[in-house]
Amino acid sequence: MKNILIIDDDVHLRALVKTYAELEGYHCLEAENYDQAVSQVEQTNFDIIVLDVMMPGRDGFETLAEIRKFTECPVIMLSARKEEYDKLLGFNLGADDYVPKPFSPKELMARIKAVLKRSGQSEDSPNIFGGLEIKEKSHAVTIDGTPLVLTPKEFDLLIYLAKNDQICLDRETILKHVWGYNYYGDTRTVDTHIKSLRDRLGKYRDLITTVWGVGYKFEYDENKITQELP
C-alpha cells in the first residue's frame, strides 16, 4: 500500500481526494498547512504528495521548497491560478505535475498513477553495498543472500544512514529524522541503537563509522570492503 500525503487547507477537498485515493488502494495522511506538512514529511516516508498552492500563511511553493530538503518523492501541485509563471515556479522547485482547479478526481488519480510509474516508485530496487542489500519498501535486508532480522527502529536507522552515505550526521539530526519531533529522548538512544545495529551487521559493522565529538557516518568503499572481508 502506497502512502499519499494530501496537503490543502480545504477540508472538503482533502476528504474528496482521500475518498478516491483510498478506493484506489492508497493509504492517505493529511495536512492543512506548512507546519503540519513539514512535520509529516519528516516523520513518514511518502510515495507521492498532493500539494495545494493557495494556502494561508506559507503557501504551497514555500512548502514544496522546504519538504524538498527531506524527500525526493513525487509532488503533484493543485492550483486555481493558471498563470504560466506559477507553473514554471512549481516545476523549478521540484514539482512533478501541475493540476489546475477545478479538477476531476478520476483524472487526479490517473495523474498520480502516471507520476508513480514515471518515477519508478512501483519498483523496490535494492540499495547494494557489497554483500549488504537493503530494500526500503519491503523492509528487507540481506547479508550475502541471508535475511537479516532488524527491529523497525534499527531498520529506519539503517535506511537513514545508508541514504546519507559519506555524510557525517550528528546525533541530534539522527534523533530528529529517525525518531521524529515527538520523541523526547536524549542522544544516548542513538548510541545504543548504533551499537545494536552494528552487532547485527556482523562483518559489515564497519560501514557505520564513528566521527568522534560529532556523530556517525555510513561509509561504503567497494575497494576497502573487498580487501577487508574474508
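Above: the structure in question.
Overview of the structure. Nothing here was measured: the structure is a model prediction, and the numbers come from that model.

Considering the overall build of the protein
Here is step 1 of the chain: The secondary structure content of the protein amounts to nine helices and twelve strands.
Here is step 2 of the chain: Over its C-alpha atoms, taken along the principal directions, the protein stretches across nearly 60 × 35 × 30 Å.
Here is step 3 of the chain: Going through the 230 residues of the protein one by one, you find that 42% of them count as buried.
Here is step 4 of the chain: Taking the contacts inside the protein whose residues are at least 6 apart along the sequence as the reference set, 56% of them involve residues at least 24 apart.
Here is step 5 of the chain: Accessible surface, the protein: about 12,400 Å² in total, of which carbon and sulfur atoms supply 50%.
Here is step 6 of the chain: The average position of the 29 basic charges and that of the 39 acidic charges among the side chains of the protein differ by 2 Å.

Quick notes on the environment of V17
Here is step 1 of the chain: If you trace the backbone, V17 turns up in helix α1 (residues 11–23).
Here is step 2 of the chain: V17 sits in the buried class, given a relative accessible area of 2%.
Here is step 3 of the chain: The sequence separation of V17 and L108 amounts to 91 residues, and the corresponding C-alpha distance is 8.3 Å.
Here is step 4 of the chain: Residues within four places of V17 in sequence aside, it is in contact with I6, F103, L108 and M109.

A short note on helix α5 (residues 105–119)
Since one α-helical turn is 3.6 residues long, residues separated by three or four positions face the same way.
Here is step 1 of the chain: Under the 1.5 Å per step criterion, the end-to-end length of α5 is 21 Å for 15 residues, consistent within 8% with the ideal 21 Å.
Here is step 2 of the chain: Restricting attention to buried positions, one finds in α5 the residues P105, L108, M109, I112, V115 and L116. Buried residues of α5, viewed axially, fall in a sector of 125°; they line one side. More than 90 degrees from the buried face of α5, the exposed residues found are K106, K117 and R118.
Here is step 3 of the chain: In this structure, the buried residues of α5 make contact with β1 (3–7), α1, β3 (48–52), β4 (75–79) and β5 (97–100).

Observations concerning the environment of L197
Here is step 1 of the chain: Along the chain, the position of L197 falls in helix α8 (residues 188–201).
Here is step 2 of the chain: Sequence-wise, L197 and K153 are 44 residues apart; in three dimensions their C-alpha atoms are separated by 9.7 Å.
Here is step 3 of the chain: Not counting the four nearest positions on each side in its chain, L197 is found in contact with L150, E154, L157, L158, L161 and I208.

Concerning the side chain of N3
Here is step 1 of the chain: Along the polypeptide, N3 turns up in strand β1.
Here is step 2 of the chain: From its side chain, N3 meets the backbone oxygen of N45 in a polar contact 3.2 Å long.
Here is step 3 of the chain: Leaving out residues up to four positions away in the same chain, N3 has contacts with H27, T44, N45, F46, D47 and I48.

What to know about the sheet that holds strand β11 (residues 208–211)
Here is step 1 of the chain: In spatial order, the strands read β10-β12-β11; together these three strands make up an open sheet with antiparallel pairing. Of all strands in the sheet, those bounded by a partner on one side alone are β10 (169–170) and β11.
Here is step 2 of the chain: Where β10 and strand β12 (residues 215–218) come together, two bridges link them in antiparallel fashion. Along β12, the bridge assignment pairs L169 with Y216.

A short note on the packing of helix α6 (residues 152–163) against helix α7 (residues 171–179)
Here is step 1 of the chain: It is the contact of α6 with α7, at a shortest axis distance of 10 Å, that shows an interaxial angle of 120°. One way to sum up the angle between α6 and α7 is to call them oblique. Crossing angle aside, the handedness with which α6 passes α7 is right-handed. Within the contact between the two elements, α6 uses K153, D156, L157, Y160 and L161 and α7 uses T173, I174, H177, V178 and W179.

Quick look at the packing of aromatic side chains
Here is step 1 of the chain: According to the stated counting rule, one finds two aromatic pairs in the structure shown.
Here is step 2 of the chain: Centre to centre, the rings of F129 and F218 are 4.9 Å apart; their planes meet at 65°, and the pair counts as edge-to-face. With a gap of 89 residues between them, F129 in strand β6 (residues 127–129) and F218 in strand β12 connect regions that are remote in the sequence.
Here is step 3 of the chain: Since its relative accessible area comes to 1%, F218 is described here as buried.
Here is step 4 of the chain: Judged by centre distance (5.6 Å) and plane angle (75°), the rings of F129 and Y220 are edge-to-face. Of this pair, F129 sits in strand β6 while Y220 sits in the loop between β12 and α9 (222–228), and the two are 91 residues apart along the sequence.
Here is step 5 of the chain: The class of F129 is buried, set by a relative accessible area of 8%.
Here is step 6 of the chain: Note on Y220: relative accessible area 21%, which makes it partly exposed.

About the thresholds
- Residues numbered from 1 in each chain as written.
- Predicted model: local features only at pLDDT ≥ 70, side-chain atom pairs only at ≥ 80, totals over all residues.
- Heavy atoms only, no water.
- Helix = DSSP H or I, 4+ residues; strand = E, 2+ residues; numbered from the N terminus.
- Buried < 20%, exposed > 50% of the residue type's maximum accessible area, 1.4 Å probe, protein only.
- Contact = heavy atoms within 4.5 Å.
- Areas by Shrake-Rupley, 256 points an atom, 1.4 Å probe, with all protein chains shown as cover.
- Lys, Arg positive; Asp, Glu negative; His and termini not counted.
- Charge placed at Lys NZ, Arg CZ, Asp CG, Glu CD.
- Expected span 1.5 Å × (residues − 1).
- Arc of directions from axis to C-beta.
- Polar contact = N/O pair within 3.5 Å; in protein donor to acceptor, adjacent residues only side chain to side chain.
- Pairing = 2+ DSSP bridges.
- Axes fitted to C-alpha atoms, helices over the stretch in contact; angles between N-to-C directions.
- Parallel < 35°, antiparallel > 145°, perpendicular 65-115°, else oblique.
- Left-handed = near helix turned anticlockwise from the far one by under 90°.
- Phe/Tyr/Trp six-rings, centres within 6.5 Å; stacked < 30°, edge-to-face > 60°.

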